[in-house]
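Here's the letter readout for the chains.
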Amino acid sequence: MKIDPFERFDRDWALVTAGTEEHFNSMTISWGSMGTIWNKPIITVYIRPDRFTWGFLKDSDVFTVSFYPERCRQALSAMGTLSGRDTDKPRAAGLTPKALAGSVTYEEASETFVCRKLYMAQMRREDVPDEAKKIYQNGVEPHYIIMGEVIAHTGN
């Protein structure tokens, strides 16, 4: 299977999950990257502070980023449109949560990266390129940048 690193998040989507096995939340993401910083392999995700998952990411030292086969596309769509504030998203999406290295992933994942949070900062509206400023209109707060060191990997 050929993997295009520029489509991994944007086209394939992923779930970011944070919290404990007893209390967690996940959301579909299409903004993310993989790379190296401070001599560590990392995954970077971008989350707006109005998302319910943000609170879990802010309060957790560990989070997961998981990828899925095409047959799970409808489940990922549900995980990106339903809110964990008032819905059992995994059940509604037909996904099966499972504990993994201090966080949570799903049985259906083809690949999961467990990340230890290294750095977190909010984008500054004034530093966002002009062509992207429209994303942050009408009171929408800029995304947080969350970098995590990959400490475990399952799947492909």
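Owing to the predicted nature of the structure, the values given are computational and were not obtained by experimental measurement.

What sets the pattern is the α-helix's 3.6 residues per turn: residues three or four places apart point alike. Within helix α1 (residues 52–59), burial applies to Thr-53, Trp-54, Phe-56 and Leu-57. All buried residues of α1 project into a common sector of 165° when viewed along the axis, lining one side. Buried residues along α1 sit against β1 (14–19), β2 (24–29), β4 (40–47), β5 (62–67), β8 (111–122) and β9 (144–155).

Right, let's get into the sheet that holds β9. The strands making up a sheet are joined through hydrogen bonds of the backbone, oriented either antiparallel or parallel. Pairing is antiparallel in the open sheet, where seven strands are placed in the order β2-β1-β5-β8-β9-β4-β3. A strand with exactly one partner marks an edge of an open sheet, and here the two such strands are β2 and β3 (32–37). If you compare each strand with its neighbour and ignore which way they point, the axes differ by 35° on average. Bridge count for β3 against β4 is six bridges, and the pairing is antiparallel. In the sheet register, Thr-36 faces β4, and the bridge partner there is Pro-41. Where α1 meets the sheet, its contacts fall on β1, β2, β4, β5, β8 and β9, and the angle it forms with β2 comes to roughly 115°. Of the strands in this sheet, β1 and β2 touch helix α2 (residues 73–81), which is tilted by about 110° from β2.

Residues other than glycine seldom take positive phi values, yet Ala-101 does so here, at roughly 50°. By the element assignment, Ala-101 lies in the loop between β6 (97–100) and β7 (103–106). By relative accessible area, Ala-101 is classed as partly exposed at 48%. Its identity as a non-glycine residue notwithstanding, Asn-138 has a phi of 55°, on the positive side. You can see Asn-138 is positioned in the loop between β8 and β9.

Scoring rules and cut-offs
Residues numbered from 1 in each chain as written. Predicted model: local features only at pLDDT ≥ 70, side-chain atom pairs only at ≥ 80, totals over all residues. Heavy atoms only, no water. Buried < 20%, exposed > 50% of the residue type's maximum accessible area, 1.4 Å probe, protein only. Helix = DSSP H or I, 4+ residues; strand = E, 2+ residues; numbered from the N terminus. Arc of directions from axis to C-beta. Contact = heavy atoms within 4.5 Å. Pairing = 2+ DSSP bridges. Axes fitted to C-alpha atoms, helices over the stretch in contact; angles between N-to-C directions.

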